[in-house]
Every structure is written in structure tokens, then in C-alpha cells.
Amino acid sequence: MDLTWSAQDEQFRAEARDWLAANVPRQPLPSGDTAAGFAAHLEWERALHADRWSVVSWPQEYGGREASIWQWLIFEEEYYRAGAPQRVTQNGIFLLAPTIFEFGTKQQQDELLPRMAAAQDLWAQGWSEPGAGSDLAGITSRAVRDEQAGGWRLSGQKTWSTRGAFCTHLFGLFRTDPQAQRHRGLTYFLVSLDTPGVTVRGFDRLDGDEGFADVFFENAFVPDSAVLGGVDQGWSVAMSTTGSERGLTLRSPGRFLKAAAALVALAGERGAAATDLLRDRVARSWMQAHAYQQFTLAQVTDIVEGRPAGARSSLNKVFWSEMDIALHETALELLGPDALVDGPWTRGYQFSLSGPIYAGTNEIQRNIIAERLLGLPRR
């Protein structure tokens, strides 16, 4: 693996760094999981789009710069280094879009991707259901064929839809063949949330953020064009999305390099609070963040050379989610009693605790690693 950047890559980095330095909001935006914060973040995302920085690796016709995947990593690193706001469009841009590029028709790509890049269509994820938990194959929401109307009638409930209270669209799985076993008979649908028969109910989290939502479907009609990737083929389509969620697109190295650098700075500020043990943990967090960067560069090399990540994305997910918790735990110990005051490290720690749960629980990821990478028996 060549760890040097080309002159073209360095020019791209300089351009991105200059633009971010001139445009990143000087004051932190409110939480994107509140109504006011979400609106403020959308203004930022639309500014990104106006100068073609929202989806740098996409084709120009869809709002991108046709940057390489290496340059996308560079942009992500510079984005976090500049302290730019959280991307509230990430469910669409980082999770759904790669799936549309892989499985979508040309018409779906032409209609959906430009609006997604421009933060006009805002996508929520419709995976979890009250009775299924983390078992994606256990969903019971149904889609029944309506031959006369030329489409499908959706019924059921999705829950824990991040920022679903503010979004305009939802992607998710519905069971189209109730007789099929578990992973079979599922279809991936793209649904506008203003469809008659769809009800969105936002609810507050303990921290006061209000973006989570339950989404109810009561005989809601969607046309055939709402199917992504083919009827009863939803599991393989969804695995593409979860691969993006567990792999490098949702948690690029830039996020953790920024956090690790901030942890090193915090240890310097806290002085006497940084015991030998805590200094060792700070150093370990810094090394793990850089190890994750190297792992990602190796993974991108494989992708560029035609070797998809597949089940190895589960290694990514377990590593970054547990690294994130350990890093924030170290920060809280450095802060001591000050950690009880609401602030970025405290909030970061609270969010990090969800890492081993969302994108497929780490227990499930370890099963995938054991069975598909190590070849161990299921029982």
C-alpha cells in the first residue's frame, strides 16, 4: 500500500481546506436532532452543495466533483479537522446513495440522487420494528401487491428512525412473501413520508433531543417505482446498505483522528489529573485512531482493486464502536467531577454508548466474523 498522496490529491486537500476554513460556521450549530438545529444544519448542507462539496465523489450530473475514493477520505479528514457540523443528511448520502448507485435504475438515480445531494429529500432509515429488535430478518411489516393500482400496500411500524421526525422520505424493508423464511421474501422500498396512510410520530430522548420517530403504515400505497433492487430481493439490497453503515462511509477515519487529537489536548490541559495510567490510555486511543485510518486505507485499496469488503465490514464496526467508547471514557476520567457538566465530551460519551447497538449489534457482528471470516460452526 502506497501511503503517499499524489500532487493532484494534495491540491484537492488544499482546496478543501481553504473552502472549509472560509465557510465553516464560527459558532457550533444546535443539535441536529432538534427541530431548530436540524433546520440550521440544512442551511449548512445546502451551502456545501452549492459549491459541490456535499457529495465530492459523485458524478457531476448528480452534484458531485467525481473525486476518487481517496480524495473522499481526504475531504472527510479535512472536514473533521475544520470542526465542521455533523451531517444530518448522512442516512441518505452515506447509506442509501451507495445502494442506489449499485441497485437503482437509471430513472431512480436521475430522480433521487440530485435531490438527495441538494438536501431537498431527507431520508430516514426504516429498519427496526418493535417486535424484531436487532433481528433485521425478523421484521413483520408487510407489502401486499395491488395489481389494479400497479403498486403495493404497506402496513406495519418502524421505530427508532433517527431524525425521522424531520425527514421527508424513508427507506426500509417490508415482507412481500409472508410464506418465505426469514431472509427471503423481503423487498426494499423507498417511501415518501407524505404518502396517505403514513403517520410519523416523533418522540423525545432522555437528553431532550426530539428527532427520533415511530413511523406507522396503514395500507399506504406506493407505486412499483418505489421498489429498489427487485421484488423479494430486499435482503441482498439491504446488506449493501448495512455494509456502508458498518464500513467506512458512516464512520470515516477523520472523525476519530479529530477526537483522538482532542483527547491528547485535553490530557495536556488537565495536567495533574493525567495519571500514568490515563496517559497510557490516551496514547492507546491515539494509536487506535491511526490504526483505524491505516485499516481503512487498506480496505479502500482492496475496493479500488476490485475486492469488496463483504463481511470484513463487521470488523470495522466492532472496532470503531468500541474504540469510540474507550476514548470518551478516558476523556471523562480526565475531566473528573467536571464530566458531570453537560458538554461535548459528556454528550459524545452518551452517543458513543449507542455505537455497539446501531448498525447491527456487536454481538451479531461477532457472529458474522466468527462464521464468515473465521469459518467457525454456527453451533
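Residues numbered from 1 in each chain as written. Predicted model: local features only at pLDDT ≥ 70, side-chain atom pairs only at ≥ 80, totals over all residues. Heavy atoms only, no water.

A short note on the packing of helix α7 (residues 253-270) against helix α8 (residues 276-304)
The geometry of α7 relative to α8 is characterised by a closest axis approach of 9 Å and an angle of 165 degrees between their N-to-C directions. The orientation of α7 relative to α8 falls into the category roughly antiparallel. Crossing hand, α7 versus α8: left-handed. Contacts between α7 and α8 pair Pro-253, Phe-256, Leu-257, Ala-260, Leu-263, Val-264 and Ala-267 from the former with Val-282, Ser-285, Trp-286, Ala-289, His-290, Tyr-292, Gln-293 and Thr-296 from the latter. Class assignment of the residues belonging to the contact of α7 with α8 gives a composition of 11 nonpolar, four polar and no charged. (Axes fitted to C-alpha atoms, helices over the stretch in contact; angles between N-to-C directions. Helix = DSSP H or I, 4+ residues; strand = E, 2+ residues; numbered from the N terminus. Parallel < 35°, antiparallel > 145°, perpendicular 65-115°, else oblique. Left-handed = near helix turned anticlockwise from the far one by under 90°. Contact = heavy atoms within 4.5 Å. Nonpolar A, V, L, I, M, F, W, Y, C, P; charged D, E, K, R; others polar.)

Some words on the environment of Gln-294
Within the secondary structure layout, Gln-294 lies in helix α8. Between the C-alpha atoms of Gln-294 and Leu-3, which are 291 residues apart in sequence, the distance is 9.0 Å.

Observations regarding helix α1 (residues 7-23)
Here α1 contains 17 residues, and its C-alpha end-to-end distance of 24 Å stays within 8% of the 24 Å for a straight helix at 1.5 Å per residue. Among all positions in α1, only Asp-9, Phe-12, Arg-13, Ala-16, Trp-19 and Leu-20 are buried. Seen end-on, α1 carries its buried residues on one side only, within an arc spanning 135 degrees. Residues of α1 that are exposed and point more than 90 degrees away from the buried face comprise Ala-7, Gln-11, Asp-18 and Ala-22. Contacts made by the buried residues of α1 are with α2 (35-50) and α3 (69-81). (Expected span 1.5 Å × (residues − 1). Buried < 20%, exposed > 50% of the residue type's maximum accessible area, 1.4 Å probe, protein only. Arc of directions from axis to C-beta.)

Describing the nonpolar core
Within the largest apolar cluster, 43 residues are counted, with the highest numbers of intra-cluster contacts made by Trp-58, Phe-75, Leu-96, Met-116 and Tyr-188. A total of six residues in this core trace back to one element, the largest contributor, which is helix α4 (residues 90-103). If we skip the residues at most four places from it in the chain, Trp-58 touches Gly-64, Arg-65, Glu-66, Ile-93, Ala-97, Phe-101, Leu-113, Met-116 and Ala-117. In terms of nonpolar packing, the next biggest core, distinct from the first, is built from 23 residues, Leu-42, Ala-143, Leu-193 and Ala-226 among them. (Core = buried A, V, L, I, M, F, W, Y, C linked by side-chain atoms within 4.5 Å.)

Things to note about a nonpolar patch on the surface
Together, Phe-295, Leu-315, Leu-373, Leu-374 and Leu-376 line one region of the surface with nonpolar side chains, adding up to about 430 Å² of accessible area. Secondary-structure assignment places Leu-374 in the segment after α11 (362-373). The exposure class of Leu-374 is exposed, given its relative accessible area of 59%. (Patch = residues over 30% accessible without salt bridge, like charges linked within 9 Å, V, L, I, M, F, W, Y side chains within 5 Å. Areas by Shrake-Rupley, 256 points an atom, 1.4 Å probe, with all protein chains shown as cover. Salt bridge = Lys/Arg side-chain N within 4 Å of Asp/Glu carboxyl O.)

Focus: the pairing of strand β1 (residues 123-126)
Here β1 shows two buried faces, one formed by Trp-123 and Gln-125 and the other by Ala-124 and Gly-126. Looking at chain direction, β1 and strand β4 (residues 169-175) are connected through four bridges and run parallel. By the bridge assignment for β4, Trp-123 is matched with His-169. (Pairing = 2+ DSSP bridges.)

Description of the pattern of salt bridges
Scanning the model with the defined rule gives 24 salt bridges in all. The residue Arg-13 makes a salt bridge to Glu-78 at a minimum N-O spacing of 2.8 Å. Residue Arg-13 is located in helix α1, and its partner Glu-78 is located in helix α3; the two are separated by 65 residues in the primary sequence. In terms of burial, Arg-13 and Glu-78 fall into one category: buried.

Such coordinate-based values are descriptive only and should not be taken to indicate function.
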